[in-house]
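Chain by chain, the residues:
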Amino acid sequence: MTIRPDPRFTTIERERVADRVAEELKRLITGGKLAPGERLPGERQLADMMGVSRVSVRAALQQLKTQGLVFAVQGGGTRIIASAEELDSALTHLVQADLSNLRDLMEIRSHLEVWAAAKAAERADPEDLARMHDALEIMCDPTREPHHKAEDDYQFHLSIAKAAGSAVYLHLMTVLGDVMESMLEFHRFTLLGTDEEDNLLLEQHRKICTSIEQGDPQAAAAAMAEHLDHIISCYAQEEQKDGKPSSRRLAG
């Protein structure tokens, strides 16, 4: 018996397991659950955790590489795409060359981070809060070596970026990683290098953390704004010292 074609119906293509694995990994990446720069588990581990074959995992990873979402790590393994290295390098040179460039970036950063703090208060889950609290505890540890101050500061702000639940914002923070650390080195050792300023910054970070933990977006945004506005005001004071601040180079 010949079946007459009916244009209302189309052939349903079979979905390969590899396609489903790729879609699940893409969902985790775009949802911020897999962070930029994070190294994925090995093929065997992924296969075991997802209940599929290594062949399917390998094919899925190849799809994501083609789409520019992951890249192969030298020596084996796969990592989430983290940064546009040329952009990061150029921006680092700009902010190191001129204090006014760094202040511009600081003001741009303040708008983004106030937004992120409010979102973190709305969206953070227990894992996000634990990560942020741990980062704060490390910052406040009196036995911690001082040369870690900029690194610890960055990790705290990165924990807020993860808690904000925005893959786009998290990617921006990661792209700016080297620039942020360069900026924080300047803040913690030059611009705000006194013990008094250290204590004030730690108190401001505690206030931000508490507001986010309490799930209060307005308080979190206000605490972050207070913290970053204080730093921006210190730039203004620094610029008044020489009269011509914009020509001053930063270390780095």
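Residues numbered from 1 in each chain as written. Predicted model: local features only at pLDDT ≥ 70, side-chain atom pairs only at ≥ 80, totals over all residues. Heavy atoms only, no water.

Draft legend 1. Just the packing of helix α7 (residues 149-163) against helix α8 (residues 167-175), in detail. Two numbers describe how α7 lies on α8: the axes approach to 9 Å, and their chain directions differ by 160 degrees. With respect to α8, the element α7 is oriented roughly antiparallel. Note on packing geometry: the crossing formed by α7 with α8 is left-handed. Across from Y154, H157, L158, A161 and K162 in α7, the residues of α8 making contact are Y169, L170, M173 and T174. (Axes fitted to C-alpha atoms, helices over the stretch in contact; angles between N-to-C directions. Helix = DSSP H or I, 4+ residues; strand = E, 2+ residues; numbered from the N terminus. Parallel < 35°, antiparallel > 145°, perpendicular 65-115°, else oblique. Left-handed = near helix turned anticlockwise from the far one by under 90°. Contact = heavy atoms within 4.5 Å.)

Draft legend 2. Local environment of the packing of α7 against helix α9 (residues 177-191). For the pair α7 and α9, interaxial distance at closest approach is 8 Å and the crossing angle is 125 degrees. By the angle between their directions, the pair α7 and α9 is classed as oblique. Considering the relative orientation of α7 and α9, their crossing is right-handed. Between α7 and α9, the contacting residues are K149, A150, E151, D153 and Y154 on the first element and G177, M180, E181, L184, E185, R188 and F189 on the second. By residue class, the composition of the contact of α7 with α9 is five nonpolar, one polar and six charged. (Nonpolar A, V, L, I, M, F, W, Y, C, P; charged D, E, K, R; others polar.)

Draft legend 3. Main features of the packing of aromatic side chains. Using the criterion set out here, one finds two aromatic pairs in the structure. An angle of 50 degrees between the planes, with centres 6.1 Å apart, marks the rings of F186 and Y235 as tilted. Highlighted residues: F186 in helix α9 and Y235 in helix α11 (residues 217-242), separated in sequence by 49 residues. Classification of F186 as buried rests on a relative accessible area of 7%. (Phe/Tyr/Trp six-rings, centres within 6.5 Å; stacked < 30°, edge-to-face > 60°. Buried < 20%, exposed > 50% of the residue type's maximum accessible area, 1.4 Å probe, protein only.)

Draft legend 4. Just the confidence of the model for the protein chain, in detail. Considering every residue of the protein chain, the mean pLDDT works out to 84; 83% of them sit at 70 or more. Between residues 244-252, whose pLDDT stays under 50, and residues either more than four places distant or in other chains, the model counts 21 contacts. (pLDDT = per-residue confidence, 0-100.)

Draft legend 5. Examining the state of the cysteines more closely. Inspection of every chain in the model, using the stated rule, returns zero disulfides. The cysteine C140 is free of any disulfide, with C209 supplying the nearest cysteine sulfur at 8.9 Å. (Disulfide = S-S within 2.5 Å.)

Draft legend 6. View of the environment of V55. The residue V55 is located in helix α3 (residues 54-66) in this model. Since its relative accessible area comes to 58%, V55 is described here as exposed. Along the chain, V55 and A18 lie 37 residues apart, while their C-alpha atoms are 8.0 Å from each other.

Draft legend 7. Expanded view of a nonpolar patch on the surface. A cluster of nonpolar residues, I108, L112, V168 and L172, forms a patch on the protein surface that exposes about 360 Å² of accessible area. Within the residue set of the nonpolar patch, elements represented by two or more residues are α5 (99-123) and α8. In this structure, I108 sits in helix α5. (Patch = residues over 30% accessible without salt bridge, like charges linked within 9 Å, V, L, I, M, F, W, Y side chains within 5 Å. Areas by Shrake-Rupley, 256 points an atom, 1.4 Å probe, with all protein chains shown as cover. Salt bridge = Lys/Arg side-chain N within 4 Å of Asp/Glu carboxyl O.)

Draft legend 8. Quick peek at the environment of H148. Within the element layout of this structure, H148 appears in the loop between α6 (126-140) and α7. Separated by 37 residues in sequence, H148 and E185 place their C-alpha atoms 9.5 Å apart. Separated by 3.2 Å, the side chains of H148 and H147 make a polar contact. (Polar contact = N/O pair within 3.5 Å; in protein donor to acceptor, adjacent residues only side chain to side chain.)

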